[in-house]
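# Fold and geometry: a report
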Amino acid sequence: MTYTVLARKWRPQSFNDVIGQDHIIQAMKYSLLTNKIHHAWILSGSRGIGKTTLARIFAMGLNCKKGLTNNPCNCCTNCKDIQNNVFLDVIELDSAFKTKVEDMRDIIDTIHYPPLYGRYKVYIFDEFHMLSKHSFNALLKILEEPPKNVQFIFATTELNKIPITIQSRCIQFHLKLIESNLIIKRLKQILDIEKLSYDNQILPILSNASYGSFRDALNLTDQLIAMGHLNINNLNLILGLIENKYIFQLVFSLKQKNYNQSFLLINKICIYNINWDNIISEILLLLHNVLKYKILYSQHNKFNIDNSIQCNKEEIYIKKICDNFSLNDINMLNKIFIVGRKNLCLAPTCQIGFEQIILEAISCFN
């Protein structure tokens with residue numbers, strides 16, 4: 001039996017399944033409910049956050065056999081054909097491939113024909129910014145005076161590359177990166193339904209590594225499934241990360257000006273074939289958490305680490321750093337690691353670049 005990757009298997013099929021995009025969902029559902037539908041939409045935003053998915057669901061709402069609806073049935077032939085990308089009245093185009101003006105003219109020549117099976121002909125342009133200048137110009141007139149029962153939905157990751165003349169003829173919605181807690185919640189639901197055993201520790205790491213893209217989170221989960229076990233060790237191998245204790249020890253050694261300890265730790269972690277950029281990202285995340293605790297918990301409201309039930313090992317490490325580092329120390333380290341991360345690619349190797357950051361950080365302490 002052919003395995004279906006999670007990103008395809010769990011692609012949302014209704015507005016209620018889409019997470020993190022409430023503003024665009026509200027606009028689309030209200031348009032369908034009141035039949036006040038703009039003829040051209042631009043959906044912009046990062047990859048893997050639901051642009052093409054929302055376009056398909058909107059197309060189902062326009063052409064569902066039960067009528068114009070903001071809650072497509074997903075059962076009729078029209079809905080199923082749109083889901084499978086075989087519905088003749090929903091034309092999904094890869095603008096990275098159809099870039100020439102001749103391709104656009106072929107579309108314009110047939111655009112005036114009425115829909116065959118649905119109420120609307122829906123043209124979904126993926127990677128819309130990849131069209132040529134002449135192709136954009138060819139679209140101008142048709143966007144200004146579109147034929148009846150024709151809808152355009154343009155999905156793009158680079159809105160700035162779309163001419164303002166095109167943008168002015170459309171309504172535009174920018175999709176947000178999906179919040180970490182929403183990704184964690186949805187991943188947990190999917191893994192539970194799939195009856196996969198997993199460590200709870202991996203969920204926040206998967207969420208952070210996906211940078212707001214739910215598709216990336218599902219792809220990383222598929223990689224973990226291929227490794228055999230959904231645990232922290234396999235996830236560290238995939239992402240090029242190390243155990244948190246090494247990160248804490250490395251940061252703590254900076255204030256002590258312990259060069260030997262710092263470089264022993266670097267030599268120890270480099271055998272894991274880690275991604276140095278990801279390590280810097282983890283250090284910056286730790287410094288961010290320390291800074292929050294430092295500000296939110298004053299001298300008179302410290303952590304209660306006596307109760308082991310309330311406090312985990314990570315909080316104990318953070319308290320230790322809080323007690324030994326001042327606010328100025330944390331802010332200084334933040335700046336050093338942020339600048340060092342930008343310049344990492346300029347070093348002879350990433351490890352040498354990381355070692356230079358560590359040397360600079362140690363030398364800044366009196």
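What you are looking at is a predicted structure, and each value in this text was computed from that prediction instead of being measured.

What counts, and where the lines are drawn
Along each chain, numbering runs from 1 in the same order as the chain's sequence is written. At least 70 in pLDDT is required for a residue's local features to be given in this predicted model, at least 80 for side-chain atom pairs to be given and counted, and no such filter applies to totals for whole chains, interfaces and linings, which use all residues. As a rule here, side-chain values come from all non-hydrogen atoms in the structure, and water together with hydrogens is ignored. Residue exposure (1.4 Å probe, protein chains only): buried if accessible area is under 20% of the type maximum, exposed if over 50%, otherwise partly exposed. Secondary structure elements follow DSSP: runs of H or I no shorter than four residues count as helices, runs of E no shorter than two count as strands, and numbering proceeds from the N terminus. Scored between 0 and 100, pLDDT is the confidence that the predictor attaches to each residue. Residue contacts follow a heavy-atom distance rule, with two residues in contact if any of their heavy atoms lie within 4.5 Å. In this analysis, a patch consists of residues with relative accessible area above 30% that form no salt bridge, clustered at 9 Å for like charges and at 5 Å for the nonpolar side chains Val, Leu, Ile, Met, Phe, Trp and Tyr. Here the open area of atoms and residues is found with the Shrake-Rupley method and a 1.4 Å probe, where only the protein chains shown may cover a residue. Each salt bridge in this description consists of a side-chain nitrogen of Lys or Arg and a carboxyl oxygen of Asp or Glu lying within 4 Å of one another. Simply put, an axis is a line fit to the C-alpha atoms, just over the touching stretch for a helix, and the angle between two N-to-C directions goes from 0 to 180 degrees. Angle categories: roughly parallel below 35 degrees, roughly antiparallel above 145, roughly perpendicular from 65 to 115, and oblique for all the rest. Should the near helix be turned counterclockwise from the far one by less than a right angle, the crossing is left-handed, whereas a clockwise turn marks it as right-handed. Relevant arc is that of directions from the helix axis to the C-beta atoms, nothing else. The definitions used throughout rest on a 1 Å grid laid over the protein atoms alone, on which a cavity is an enclosed set of points accommodating a 1.4 Å probe that cannot get out and a pocket is an open set flanked by protein within 12 Å on both sides along at least five of seven lines; lining residues are those having an atom within 4 Å of a point. Grid points are joined across faces, edges and corners, and a volume is the space filled by probe spheres set on the points. All residues other than Ala, Val, Leu, Ile, Met, Phe, Trp, Tyr, Cys, Pro, Asp, Glu, Lys and Arg, Gly among them, are scored as polar; the first ten of these are nonpolar and the last four charged.

Moving on: helix H12 (residues 244–255). For H12, every residue scored as buried is listed here: Tyr 246, Ile 247, Phe 248, Leu 250, Val 251, Phe 252, Ser 253 and Leu 254. Immediately downstream of H12, the backbone of Lys 257 shows phi near 55°, a positive value.

Here we take up the confidence of the model for the chain. The predicted model of the chain averages 86 in pLDDT, with 94% of residues at 70 or higher. For the stretch residues 303–311, pLDDT sits under 50, and the model shows 11 contacts to residues farther than four places along the chain or on other chains.

Another point: a nonpolar patch on the surface. A surface patch of nonpolar side chains, amounting to about 370 Å² of accessible area, comprises Leu 88, Leu 116 and Tyr 117. Tracing the chain through its elements places Leu 88 in the loop between helix H4 (77–83) and strand S2 (90–94). Judged by its relative accessible area of 52%, Leu 88 is exposed.

Let us look at the pattern of salt bridges. Following the criterion strictly, the structure yields 9 salt bridges and no others. Among the ionic pairs, Glu 92 bridges to Arg 56, the shortest N-O distance being 3.0 Å. One end of the pair, Glu 92, is in strand S2; the other, Arg 56, is in helix H3 (residues 51–63), and 36 residues separate them in sequence. Accessibility expressed as a relative area gives 24% for Glu 92, which makes it partly exposed. Across the salt bridge formed by Asp 277 and Arg 341, the nearest N and O atoms sit 3.0 Å from each other.

Our focus in this paragraph is the packing of helix H5 (residues 101–110) against helix H6 (residues 133–144). As a packed pair, H5 and H6 sit with axes 8 Å apart at the nearest point and diverge in direction by 20°. Relative to H6, the element H5 lies roughly parallel. Taken as a pair, H5 and H6 cross one another with a handedness that is right-handed. When H5 is examined against H6, the residues Val 101, Met 104 and Ile 108 are found in contact with a partner set consisting of His 134, Ser 135, Ala 138 and Leu 139.

Residues of helix H9 (residues 202–209) that are buried: Ile 202, Leu 203, Leu 206 and Ser 207. With its buried residues spanning 135° around the axis, H9 presents them on a single face. Buried-residue contacts for H9 involve helix H8 (180–193), helix H10 (214–227) and helix H11 (232–239). Immediately beyond the C-terminal end of H9, within one or two residues, lies Tyr 211, with a positive phi of roughly 50°.

What follows is about the layout of surface pockets. Counted as a void, the largest pocket has a volume near 1,100 Å³. What lines the largest pocket is a set of 36 residues, and nearest its centre among them are Ile 205, Asn 208, Asn 244, Glu 282 and Leu 285. Where the lining of the largest pocket is concerned, the elements lending two or more residues are H8, H9, H11, H12, helix H14 (276–296) and helix H15 (313–324). A per-element tally of the lining of the largest pocket places H14 first, with 7 residues. Taken together, the residues of the lining of the largest pocket sort by class into 18 nonpolar, 12 polar and 6 charged. Size it by volume and the second largest pocket reaches roughly 780 Å³. Considering the residues around the second largest pocket, the lining is formed by 32 residues, among which Ala 7, Arg 11, Pro 12, Thr 53 and Arg 56 are closest to the centre. Ranked by the residues each element gives to the lining of the second largest pocket, the list is headed by H3, at 6 residues. By residue class, the composition of the lining of the second largest pocket is 12 nonpolar, 8 polar and 12 charged.

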